[in-house]
Amino acid sequence: MYLNTKNRVIHKETISIGSLNASIVHPLEVFKVAIKRSCASIICSHSHPSGDPTPSNEDIIITHRLIEAGQIIGIDVLDHLIIAGQKYVSLKEQGLMVRD
């Protein structure tokens, strides 16, 4: 989701559709849309078809890459949500948006 300076959603876009157990996301694709739409911040999300929303190491790594890329260009990554059925995990709420 792409947000304006008041944290209102101004655009939603699917960047990648993965396979059963993997998805490739590059910060370039994520931020290309954000720059085109003049967004102030983004919220990322993806699904875990397994039904378990627990973040994988890869989920945490890509989140940190997105945060770093966003810092360089001035677009904040506010959260990364993992959705699995009726459950979800917010990496921000779990304290996983910052590196140890």
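Residues numbered from 1 in each chain as written. Predicted model: local features only at pLDDT ≥ 70, side-chain atom pairs only at ≥ 80, totals over all residues. Heavy atoms only, no water.

Engineer: Just to check I follow, could you spell out the sheet that holds strand E1 (residues 2-3) for this structure?
Structural biologist: Backbone hydrogen bonds hold the strands of a sheet together, and the pairing may be parallel or antiparallel. Read across the sheet, five strands follow the order E2-E1-E3-E4-E5 without closing on themselves; strand pairing throughout is mixed. Edge positions in the open sheet fall to strand E2 (9-11) and strand E5 (87-90), since each of these has one partner strand only. Two elements, E1 and E2, share two bridges in a ladder whose sense is antiparallel. Note that in E2 the partner of Tyr-2 across the bridge is His-11. Sheet strands touched by helix H2 (residues 57-73): strand E3 (41-47) and strand E4 (76-84). Its angle to E4, the strand with the most contacts, is close to 155°. (Pairing = 2+ DSSP bridges. Helix = DSSP H or I, 4+ residues; strand = E, 2+ residues; numbered from the N terminus. Contact = heavy atoms within 4.5 Å. Axes fitted to C-alpha atoms, helices over the stretch in contact; angles between N-to-C directions.)

Engineer: Whenever I open this one, the pairing of E5 confuses me. Can you help?
Structural biologist: In terms of strand pairing, E4 meets E5 through four bridges, oriented antiparallel. Bridged to Ile-83 within E5 is Tyr-88. From the end of E4 to the start of E5, which pair antiparallel, there are two residues, and Gly-85 there has a positive phi angle of about 65°.

Engineer: Honestly, the pairing of E3 in this entry has me stumped. Any pointers?
Structural biologist: Successive residues of a regular strand alternate their side chains across the two faces of the sheet. Where E1 and E3 come together, two bridges link them in antiparallel fashion. Within the sheet, the bridge partner assigned to Tyr-2 lies in E3 and is Ile-42. Where E3 meets E4, seven bridges bridge the pair, whose relative direction is parallel. Bridging across to E4, Ile-42 finds its partner in Val-77. Traced from E3 through H2 to E4, the parallel crossover comes out right-handed. (Right-handed = clockwise from strand over helix to strand, strands pointing away.)

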